[in-house]
Amino acid sequence: MLRYLSRRVALMVPTLFGVALLTFIMLRVVPGDVVEVKLRADGGHVTEEILQRERTRLGLDKPLPTQFVDWMAGLVTLDLGNSMWTGRPVVEEIGVRIGLTVQVAFMAAVISVLIAIPLGTISALFRDTWVDYVVRVFTIAGLAVPSFWLGMIIILMLLTVFNWSPPVTYTPFLESPLQNMSQLIWPALAVGYRYAAVVARMVRSSIIEVMREDYIRTARAKGVFERMVVGRHAMRNALLPAVTIIGLEFAFLIGGLVVTEQVFNLNGIGRLFVEAISRNDFILIQALVMLLAAVFVTMNLLVDLLYGVLDPRVRHA
Amino acid sequence: MSIATASNTADPRRPVAIIAFCRAQPLGAAGLIVILAMGLAAIFAEAIAPYEPEVINFGAMLMAPSLEHPFGTDAFGRDILTRIIYGARTALTIGFLSSFIGCTLGGLLGIASAYFGGRADLVIQRFVDVMLSFPIIILALVVVAVLGKTELLGIDLNLVLAIAIPIIPRSSRVVRSAALSVRAMPYIDAARAGGYSAWHIITRHMAPNVLAPYLILLTAYIAQAILLEASLSFLGLGVSEPKPAWGLMLAGDSSNFYQEAPWMILFPGLAISLSVFAFNLFGDSLRDWLDPKFRL
Amino acid sequence: MSQLFHLGEGCQDTRTQDANGSILSVEGLVVEFHTSRGVVRAVDGVSWSVRAGETLALVGESGCGKSVSALAVMRLLAKPAGRIAAGRIMFQGQDLLTLSEAEMRERRGRDIAMIFQEPMTSLNPVLTIGMQLAEPLKIHMGMNNDEVRVRSIELLSLVGIADAEHRLAQYPHHFSGGMRQRVMIAIGLACNPRLIIADEPTTALDVTIQAQILELMKDLSRRLGITLVLITHNLGIVARYADRVAVMYAGRIAEEGPAARVFGEPRHPYTVGLLRSVPRLDRPRGGTLETIEGAPPNMLKPPSGCRFAPRCRWRQDICATDPALRQVGPDQSSACHFAENMPPAAQPLSDYALVPPNAGGTLVEVNGLTKHFPMRLGGFFGGFTTVRAAQDVSFRIARGETLGLVGESGCGKTTVGRVVLQLEKATGGQILFDGEDLATVSSQRMKALRTRIQVIFQDPYSSLNPRMTVGGTITEPLRKRLGFTAPAAQIRVDELLDQVGLLREMGERYPHQLSGGQRQRVGIARALAMEPDFIVCDEPVSALDVSIQGQIVNLLAELQGRLGIAYLFIAHDLAVVRHLSHRIVVMYLGRVMEAADRDALYADPLHPYTQALLDAAPIPDPEVELRRTPRALTGELPSPLSPPQGCVFHTRCPLADAQCRSIIPPLREIRPGHMAACLKI
């Protein structure tokens, strides 16, 4: 198990390096001169002198390999440079916003998984009955409804039915849990719907598949109670693919937040990202892309480790 | 996954297959009907739509749904029903084009990776690993930011590309694993023992047998692409005014006024949801029908 | 024997048996499956019974309903498609079909246990063996953890698993196929059931392991007084292990009776046909096998009247009416109008000679062929290990001759075939085809040579491209490699279809519209299209039913006689190999153990492994089997990842001593033309 763990962690390094390289290429090499792109996009006349000064300030006058080494060194020491727009350190810009986004994502994930697993299981066990059809329509709809629109509808509903709007200013959880939750639960629900739908679908299909396995028949032939056939024999196996999708879709969840934060006026990572893009703040974009990819890679690692715990075949490999 | 053995009676090339499909998968047939209706609306938008989509009419601003304007009007007095009908054109074109480009490139990459195996496969898969680390919308936003806009025939090619690029690694993964199982089939060995060229074996023996997963992927990613286009447009980074696009109709003034004029967001949102729902329903049924063991 | 087992033996009283002594009787059972294409009556009015303490074999080919009727006894048919439409299943005087689901569950595993075909998938991969063994003990016997532990260790020891205490904590993937089947038997025995139903328990196993498992089951059922229902397609197994036999065909019982009588004096043409269509090791090698023509009926629309009539060579007008299963001899019944006038099962020997060996000079010569596969241990930094799939393999094949390559799984026979075909590159050694070394010829030359070397695969389901019609599959080599024009190719395709015994209109069909035997014929036609000199046949009949097997064997022999093609015939079935081959090479764990002319090898096997293989293969004749004392080879097949040092066979060899553990025995010529790799000969 320890060997497995260390091997998995070691496997992360080349992927993260690749992510960093690709991010660097996409944001520094492909667009050409980012300073020019940015300053010209802002409109108005820009002199060559201003451009040159800006390049020097950002270290963009050095050769590309040197720039890449600088960027890698910055990643390791968490010095990601300053925003091209506000001039404040990127780490600071991210730091003040990350708590909110993490909290919403985490809440959405927990609520979704708690709903999705029983929902998918029931749907599988009552396959091709009206229960199954209802769940399937509900989950396919979950893939179809855009989270930002769902957010608007939620706000609209709260307003028309309860004549109440969620608070617009952010309160940290520790300051006032109730205030905090009454603001953040809604975006969590809006982005969580899709997540719950995806997980429930995966749970359903893998339970259906597992229930066809020979070892389920063996269990029944032993006279095992049907609830144990499902609970012990089927679930342990069916949850393996569900764990994968729970991990991988977490990145999707954050993607959903990029848009949904706009609707709820939340000042989180997603909003920062959209602002950075619309202001051509390449330094900030680069840092955020790296951050989100790193989250994905880490989630992948967690999934793999969880697999090691759940699946003896992996554990002993 | 057993692509080659599971595709019993389903030969998607025969027209009879469509009838058989509708009979076996009524939900899928429902999805197909919605898709066809959307397609017709998109093609014949000029004939169906009651108004002009882009003409501003300050005399009819923010009107609630009525007989004259069944879905109401927006802040520029434009008929929302009209813009939804024209929006279908945008959604379908961009959705289909980007899914097609993404799945085809990804599919070719996946088949090649599986057929040649060894070092080529290893290199391609590491690259795909890295690509997969970027969440779809993040990658799409970055591509938009980097490439800007390039219009051709009224379609923003860079937007299509931005949506297609994140699809490539995802579809290549799926097609590769399908192709790997086909690659292990004895009929591929028989073909190799027959001395045919790699190109012949890939095109005649492998590609037709990964057609089922490819078609399933294509429909599934059209749904995703429509959703993604709506998201990008909503953020103001996709289709831009005054072109009619569903995501765009939810943005700007709509997001400011929707509490007073809910019809402005209600109908475009429903249009997005319904079309994505239809594609997913169709895709799901297609999968059940072509290859029940296949998983996205 | 422990205390716990005395309990089991003690309750063997007569109260639980009905008047004629049967513990289980199935009466007029009808099982229907609802499919998208209609209702299939997989079992159609079947009755059989088994007496306490005896072993009943249900025999038949795939789809005849034997497994379905057994699953019906357990009430474990796949829901909701499968349904018991009529009949009674009397077990210990009670109709199981009238029990509630809860009452039925109590009986499963406690009174009736079941062992399934696939040991690799029948155990839950994420639960320990101990947990899976404990379940029936806790549920049915109410044991506490300590009792469970004692009993589990006892059970594993009973089925011959060493170090039982330690192995309880392991997972199924730590066990080989044979070992998993032992675990399944232990689970089956856990609650001292009255009856065990074993559904093809050894079909997925190698022949030496098969012998071990069946001997174990026989021994345990005798010692513990357990009644056994054995479902199999293998007539040899029936002859060796069954007291009574019920032969099934197309959802009905064709014949039923004591094993000795069914084999000795079969009373149904289907039984006669089956017995005649298998080549036998204990008889002089016959010529053409007498086969049953055609294929079993489509169960969606079975023929009216006698279901076997369309394939029966003694068919009369009366066969259009349904023959009832009736008493035709002491304790024997048959469902044939002419049961009293059956010909003997013994196969008339026909004149048919193989081409004399070595007549045309050497065509293929393999010298010191070695193939190592690097195998990843998993993960990015997992490192590699080497699988020595084939080590120093040499043989020669003359024009028009057949070389049989025999061995169990993992022996490297398929690898040798693939290297000869140049689907894999050899690690070392030479493969001379008509004097040219295939390993070193240019790719251009190799491409040209490929038309002369062809292949037939085992699995007729996956060896044809499902998206190509039969005609397309056969046309491809003609058009692409031999330069036929379209009309010329069409004519040639028709010829080839005739040659392999297919109707010309089948050219329009897709593989899924054909039966297994027909697909295999298409595979043969595809190979023949190239007009090859040499065909590698990789287990070409092992996926087919017995009656179809004979047809394909005959076709291959006939084509060789007519076209003078040489075969490398790879198989694990010794009788089939003997039937077709001139020379035979026996492999074990990547090495050649013995090589000899056919008659020399079968009459006088020299290597202890060959002897064990021949011993382990059951012969479809109870009288012969009674006279034989099968010596089952002990031990597991070692993993090819870490083959034993010295002689690879020493871990299982009865003759092995210290020398064998260190020295690799060379292949020596012991008698003219008869080579063996053993130090003890």
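As a general feature of sheets, a regular strand has side chains that alternate between the two faces. Residues and elements named next belong to chain C. Taking burial as the measure, the 6 residues of strand S20 (residues 566–571) include 6 buried ones, the bulk of the element. Neither face of S20 is left uncovered, since the one carrying Ala566, Leu568 and Ile570 and the one carrying Tyr567, Phe569 and Ala571 both have all their residues buried. Of the strand pairs in this sheet, strand S15 (residues 402–406) and S20 are connected by 5 bridges, and their pairing is parallel. Looking at the pairing, Val406 lines up with Ala571 of S20. With 5 bridges connecting them, strand S19 (residues 534–538) and S20 associate as parallel partners. Within the sheet, the bridge partner assigned to Asp538 lies in S20 and is Ile570. The parallel pair S19 and S20 is bridged by helix H18 (residues 546–563), and the resulting crossover is right-handed.

Residues and elements named next belong to chain C. Looking at the assigned domains, one finds that chain C contains domain 1 (15–251), domain 2 (362–452 + 532–676) and domain 3 (458–531). Once you take the C-alpha centre of each, domain 2 and domain 3 turn out to be 28 Å apart. Taken together, the contact between domain 2 and domain 3 spans 22 residues of the former and 15 residues of the latter. Here domain 2 meets domain 3 over a buried area of about 1,500 Å², counting both sides, of which 66% is carbon and sulfur. By the criterion of area lost to domain 3, the three top residues of domain 2 are Thr451, Pro532 and Leu555, representing 30% of everything that side buries. Joining domain 2 to domain 3, the criterion identifies 0 salt bridges. On the surface where domain 2 and domain 3 come into contact, there are 5 residue pairs in polar contact (both at pLDDT 80 or more). Listing elements by their share of the side of domain 2 that touches domain 3, those giving two or more residues are helix H14 (443–449), S19 and H18. Of the residues that constitute the side of domain 2 that touches domain 3, the class distribution is 13 nonpolar, 3 polar and 6 charged.

So, on to the interface of chain B and chain C. The interface is formed by 25 residues belonging to chain B together with 27 residues belonging to chain C. With both sides pooled, the region where chain B packs onto chain C buries about 2,300 Å², and carbon together with sulfur makes up 54% of that total. Notably, a salt bridge pairs B:Asp189 with C:Arg418, separated by 2.6 Å at the nearest N-O pair. Along the contact surface separating chain B from chain C lie 12 residue pairs in polar contact (both at pLDDT 80 or more). With 6 residues, helix H9 (residues 186–193) of chain B is the single largest residue contributor to the side of chain B that touches chain C. Class assignment for the residues of the side of chain B that touches chain C results in 11 nonpolar, 8 polar and 6 charged.

What follows is about the sheet that holds strand S5 (residues 94–95) of chain C. All names here are of chain C. With respect to topology, 4 strands assemble into an open sheet ordered S2-S1-S4-S5, the strand pairing being antiparallel. Since the sheet does not close on itself, it has two edges, and those belong to strand S2 (38–51) and S5, each with one partner. Packing against the sheet, helix H2 (residues 66–74) makes contact with strand S1 (22–35), S2 and strand S4 (82–91), and its axis sits at approximately 110° to S1.

By size, the foremost hydrophobic cluster in this structure holds 163 residues, and its most contacted members are A:Phe273, B:Phe134, B:Leu141, B:Phe234 and B:Trp246. Taken together, domain 1 (34–79) and domain 2 (97–316) of chain A each give at least three residues to this core, which thus spans both. Beyond its immediate sequence surroundings of up to four residues, B:Phe134 is in contact with A:Val19, A:Leu22, A:Thr23, A:Met26, A:Val289, A:Ala293, B:Leu139 and B:Arg170.

Before going further, it helps to examine the environment of B:Ala140. Residues and elements named next belong to chain B. Its location among the elements puts Ala140 in helix H7 (residues 136–147). On the basis of relative accessible area, Ala140 is assigned to the buried category, the value being 0%. When the C-alpha atoms of Ala140 and Thr150 are compared, they prove to be 15 Å apart, with 10 residues separating the residues in sequence. Residues in contact with Ala140, not counting those within four places in the same chain, are Ala162, Pro166, Leu228 and Leu232.

Taken together, the 48 residues of chain A in the interface contact 43 residues of chain B. Taken together, both faces of the contact between chain A and chain B bury some 4,000 Å²; the carbon and sulfur share is 78%. Between the two partners, chain A and chain B, sit 1 salt bridge. The closest approach of N and O atoms between B:Asp284 and A:Arg201, which form a salt bridge, is 2.8 Å. Residue assignment for the side of chain A that touches chain B shows that the elements contributing at least two residues are helix H1 (2–29), helix H6 (130–144), helix H7 (147–161), helix H8 (177–211), helix H10 (226–263), helix H11 (269–278) and helix H12 (282–310) of chain A. Broken down by element, the side of chain A that touches chain B gets its largest block of residues, 8 residues, from H10(A). Class assignment of the residues belonging to the side of chain A that touches chain B gives a composition of 36 nonpolar, 8 polar and 4 charged.

Trans peptide bonds make up most of the peptide bonds, and negative phi angles are found at most residues other than glycine. Backbone geometry places A:Asn163, a non-glycine residue, at a positive phi of 55°. Within the secondary structure layout, A:Asn163 lies in the loop between H7 and H8. In this structure, C:Ala250 is a non-glycine residue whose phi angle is positive, near 50°. Mapped onto the elements, C:Ala250 comes out in the loop between strand S9 (244–249) and strand S10 (252–258).

Our focus in this paragraph is a nonpolar patch on the surface. Residues and elements named next belong to chain A. A cluster of nonpolar residues, Phe17, Leu21, Ile25, Val29 and Leu64, forms a patch on the protein surface that exposes about 380 Å² of accessible area. Of all the elements, H1 adds the most residues to the nonpolar patch, at 4 residues. Position of Val29 relative to the elements: it lies in helix H1. Residue class for Val29 comes out partly exposed when judged on its relative accessible area of 35%.

Another point: the side chain of A:Gln67. Of note, A:Gln67 is situated in helix H4 (residues 64–77). If we ignore the near neighbours within four places in the chain, the residues touching A:Gln67 are A:Phe24, A:Arg28, A:Gly59, A:Leu60 and A:Lys62.

Residue and element names in this part refer to chain B. Looking at where Phe71 falls in the secondary structure, it is placed in the loop between helix H4 (45–48) and helix H5 (80–116). Spatially, the C-alpha atom of Phe71 lies 35 Å from that of Val142, the residues being 71 residues apart in sequence. Ignoring anything within four residues of it in the chain, the contact list for Phe71 reads Pro65, Ile80, Leu81, Ile84, Trp263 and Phe267.

About the cut-offs
- Residues numbered from 1 in each chain as written.
- Chains lettered and ligands numbered in written order.
- Predicted model: local features only at pLDDT ≥ 70, side-chain atom pairs only at ≥ 80, totals over all residues.
- Heavy atoms only, no water.
- Buried < 20%, exposed > 50% of the residue type's maximum accessible area, 1.4 Å probe, protein only.
- Helix = DSSP H or I, 4+ residues; strand = E, 2+ residues; numbered from the N terminus.
- Pairing = 2+ DSSP bridges.
- Right-handed = clockwise from strand over helix to strand, strands pointing away.
- Domains from an automatic or database assignment.
- Contact = heavy atoms within 4.5 Å.
- Buried area = accessible area lost by both parts, 1.4 Å probe.
- Salt bridge = Lys/Arg side-chain N within 4 Å of Asp/Glu carboxyl O.
- Polar contact = N/O pair within 3.5 Å; in protein donor to acceptor, adjacent residues only side chain to side chain.
- Nonpolar A, V, L, I, M, F, W, Y, C, P; charged D, E, K, R; others polar.
- Axes fitted to C-alpha atoms, helices over the stretch in contact; angles between N-to-C directions.
- Core = buried A, V, L, I, M, F, W, Y, C linked by side-chain atoms within 4.5 Å.
- Patch = residues over 30% accessible without salt bridge, like charges linked within 9 Å, V, L, I, M, F, W, Y side chains within 5 Å.
- Areas by Shrake-Rupley, 256 points an atom, 1.4 Å probe, with all protein chains shown as cover.

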